[in-house]
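# Structural characterization, general
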Amino acid sequence: MKIIHIPCLEDNYAYLIIDEATKKAAVVDPVEPEKVLRVARENAVELKLVLTTHHHWDHAGGNNKMKKLVPEIKVYGGSVDNVQGCTEKVENGDKISLGANVNILSLHTPCHTRGHISYYVTGKEGDDPAVFTGDTLFVAGCGRFFEGSAEEMYQSLCVTLGSLPKATRVYCGHEYTVKNLQFALTVEPNNPRISQKLSWAEEQHRSHSPSIPSTIEEELETNPFMRVDLPQVQEKLECQSPVEALGKMRRQKDSWRG
């Protein structure tokens, strides 16, 4: 299984997922279809699937154009998310196969949008799994609560995604890592893992290189939104529960200017 970043718009990422045995490929959130097709041609792969994480235009806005450019392509999206161009509606636990060795599990991760789907992808033996989290989980952050509650984001982040194997690579929808880690330091100023990762992310930014993927293990060590079960995080936020802490932290992030 090979994964290729495709930078789109100002700070979005689409991703090409390739089954190397058959050269069949899926694309996650192809908001710039011509760019996606160019990368597919460069890698001599046949596009079979679109995996849409959620309905916002900067993720689903290229779907109809993809269908025109690749008429046989299947477009997957959450069953309650009203995804543009969707031909295959998925719910939590639905499985999709790609080529000979790639298997995709749909995970319902609501809050940013009501029907947001994250896609957990496994390849042949020896490949580390990957999860494509759209705007639910960012490196060191999480999405705004546009269509859900702190309870839903806690379930999506800390339960559904937090319980994936620690080696799972995390591919999110936007390059927000530096700002997210700067905010994370305001919550946990004495966490050395956050400081170390911020220094690395700043260097990636200077060299115009992606800070993605992360891993679930790294997120559990450095992402304050996934650390709200810890007493020291709740204490810092003057909260009595993980859900209360998550909600308060998101409100603080919404108004934080760095």
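A few points on the structure.

With respect to topology, six strands assemble into an open sheet ordered β1-β2-β3-β4-β5-β6, the strand pairing being mixed. The open sheet has two edge strands, β1 (2–8) and β6 (88–90), and neither has a second partner. When the angles between neighbouring strand axes are averaged without regard to direction, this sheet yields 25°. Across five bridges, strand β3 (residues 24–28) lies against strand β4 (residues 46–51) in parallel orientation. Among the inter-strand pairings, Ala26 is bridged to a residue of β4, identified as Leu49.

With that out of the way, let us pick up the nonpolar core. Ranked by internal contacts, the top residues of the largest apolar core, which has 27 residues, are Leu157, Val228, Leu246 and Met249. For this core, the elements supplying multiple residues, two or more each, are α4 (150–161), α5 (177–187) and α9 (242–255). In contact with Met249, other than residues within four places in its own chain, are Phe183, Val187, Pro224, Phe225, Val228, Val233 and Leu237. Judged by nonpolar contacts, the second largest core, of 25 residues, contains Val28, Ile96, Val121 and Val139.

Once that is clear, we can look at the environment of Ala245. Relative to the assigned elements, Ala245 resides in helix α9. Separated by 137 residues in sequence, Ala245 and His108 have C-alpha atoms that sit 22 Å apart. Ignoring sequence-local partners within four residues, the contact set of Ala245 consists of Val228, Gln234, Leu237 and Cys239.

Under the criterion given, the structure shown has twelve salt bridges. Taking the shortest distance from any N to any O, the salt bridge between Lys65 and Glu34 comes out at 2.4 Å. Taken together, the residues Lys65 in helix α3 (residues 63–69) and Glu34 in helix α1 (residues 33–42) connect sequence positions 31 residues apart. Lys65 sits in the partly exposed class, given a relative accessible area of 35%. In this structure Glu34 comes out as partly exposed when scored by relative accessible area, which is 43%. We note a salt bridge from Lys197 to Glu219, for which the minimum N-O separation is 3.8 Å. Placement of Lys197 in helix α6 (residues 192–206) and of Glu219 in helix α7 (residues 216–222) is noted, with a sequence separation of 22 residues between them. As far as the burial class goes, Lys197 and Glu219 line up, both buried. A single network of salt bridges, built from pairs that share partners, joins Lys24, Glu46 and Lys48.

Procedures and definitions
Residues numbered from 1 in each chain as written. Predicted model: local features only at pLDDT ≥ 70, side-chain atom pairs only at ≥ 80, totals over all residues. Heavy atoms only, no water. Pairing = 2+ DSSP bridges. Helix = DSSP H or I, 4+ residues; strand = E, 2+ residues; numbered from the N terminus. Axes fitted to C-alpha atoms, helices over the stretch in contact; angles between N-to-C directions. Core = buried A, V, L, I, M, F, W, Y, C linked by side-chain atoms within 4.5 Å. Buried < 20%, exposed > 50% of the residue type's maximum accessible area, 1.4 Å probe, protein only. Contact = heavy atoms within 4.5 Å. Salt bridge = Lys/Arg side-chain N within 4 Å of Asp/Glu carboxyl O.

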